[in-house]
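The lines below spell out each chain.
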Amino acid sequence: MARTENVELTALCLVHSKDAYLLQNRVKDDWKGYTLPGGHIESGESIVDAIIREIKEETGLTILNPRLCGVKQFPIEGGRYIVFLFSTNEYEGELISSEEGDMHWIKKEELSNVNLVSDFNMLLKVMLDDNLNEFQYIVEDGIWKVVLK
């Protein structure tokens, strides 16, 4: 059994205030809807530096002290796609949007009123529950299943 595989690395960050989350109304068809901002980790880039850079590019905000709070992963052809999940309530700067999608502060109690990406609630659960660390899609007999650990 091979110990190495093709891996695509990305990161997302839950930027939050006391009563709201900063969400991106993502326009790309592969994961359309309101979700967390983030993106790909560049070759040789530290994972923390990547999430700080991605949040700056997509939101205009400089996040401070991002905390790793989970991992999401799913199979891709020849390997897996790994998403490092961060959270912070410390940020500075002026909010902007990008070509990835418009940024909006969404109050926690209003999440059900917006078109969230399909797995947003499970993603949030892993990020907020200190007893969970991993959100994994597995394929068994051609059926995609979710495992939370």
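Residues numbered from 1 in each chain as written. Predicted model: local features only at pLDDT ≥ 70, side-chain atom pairs only at ≥ 80, totals over all residues. Heavy atoms only, no water.

Turning to the sheet that holds strand S9 (residues 101-107), a few remarks are in order. The strand order across the open sheet built from three strands is S3-S2-S9, with neighbouring strands paired in antiparallel fashion. The open sheet is flanked by strand S3 (33-35) and S9, the only strands paired with a single partner. Averaged over neighbouring strand pairs, the angle between their axes works out to 35 degrees when direction is ignored. As defined by bridge partners, strand S2 (residues 20-26) adjoins S3 across three bridges and the pair is classed as antiparallel. (Pairing = 2+ DSSP bridges. Helix = DSSP H or I, 4+ residues; strand = E, 2+ residues; numbered from the N terminus. Axes fitted to C-alpha atoms, helices over the stretch in contact; angles between N-to-C directions.)

Counted according to the given criterion, the structure contains nine salt bridges. With a closest N to O distance of 3.0 Å, aspartate 19 and lysine 107 form a salt bridge. Highlighted residues: aspartate 19 in the loop between strand S1 (6-15) and S2 and lysine 107 in strand S9, separated in sequence by 88 residues. Overall, the relative accessible area of 33% leaves lysine 107 in the partly exposed class. (Salt bridge = Lys/Arg side-chain N within 4 Å of Asp/Glu carboxyl O. Buried < 20%, exposed > 50% of the residue type's maximum accessible area, 1.4 Å probe, protein only.)

A separate point is the pairing of S1. Both S1 and strand S7 (residues 79-88) contribute to a ladder of 10 bridges, which runs parallel. Within S7, the residue paired with leucine 12 across the bridge is leucine 85. As paired elements, S1 and strand S4 (residues 38-40) share three bridges and run antiparallel to each other. For threonine 10, the partnering residue across the bridge sits in S4 and is histidine 40.

So, about the layout of surface pockets. Quantified by volume, the largest pocket comes out at close to 530 Å³. Lining the largest pocket we find 25 residues, and of these Thr10, Arg26, Asp30, Trp31 and Tyr81 sit closest to its centre. For the lining of the largest pocket, the secondary structure elements donating two or more residues are S1, S2, S4, helix H1 (47-59), strand S6 (67-76) and S7. When residues in the lining of the largest pocket are grouped by element, the largest group, four residues, is from S1. The class makeup of the residues in the lining of the largest pocket is nine nonpolar, seven polar and nine charged. (1 Å grid on protein atoms, 1.4 Å probe; cavity = no way out; pocket = protein on both sides within 12 Å on 5 of 7 lines; lining within 4 Å. Points joined across faces, edges and corners; volume = space filled by probe spheres on them. Nonpolar A, V, L, I, M, F, W, Y, C, P; charged D, E, K, R; others polar.)

What follows deals with unusual backbone geometry. Residue asparagine 65 is not a glycine yet carries a positive backbone phi of 50 degrees. For asparagine 65, the location among the structural elements is in the loop between strand S5 (62-63) and S6.

How two aromatic rings sit relative to each other is given by the distance of their centres and the angle of their planes. Under the criterion given, the structure shown has five aromatic pairs. A ring pair is formed by phenylalanine 74 and tyrosine 137, whose centres lie 6.4 Å apart and whose planes are at 80 degrees; its orientation type is edge-to-face. Of this pair, phenylalanine 74 sits in strand S6 while tyrosine 137 is found in strand S10 (residues 134-140), placing the two residues 63 residues apart along the sequence. Between the aromatic rings of tyrosine 137 and tryptophan 144, the centroid separation amounts to 5.9 Å while the plane-to-plane angle is 65 degrees, which identifies the pairing as edge-to-face. The exposure class assigned to tyrosine 137 is buried, which follows from its relative accessible area of 16%. (Phe/Tyr/Trp six-rings, centres within 6.5 Å; stacked < 30°, edge-to-face > 60°.)

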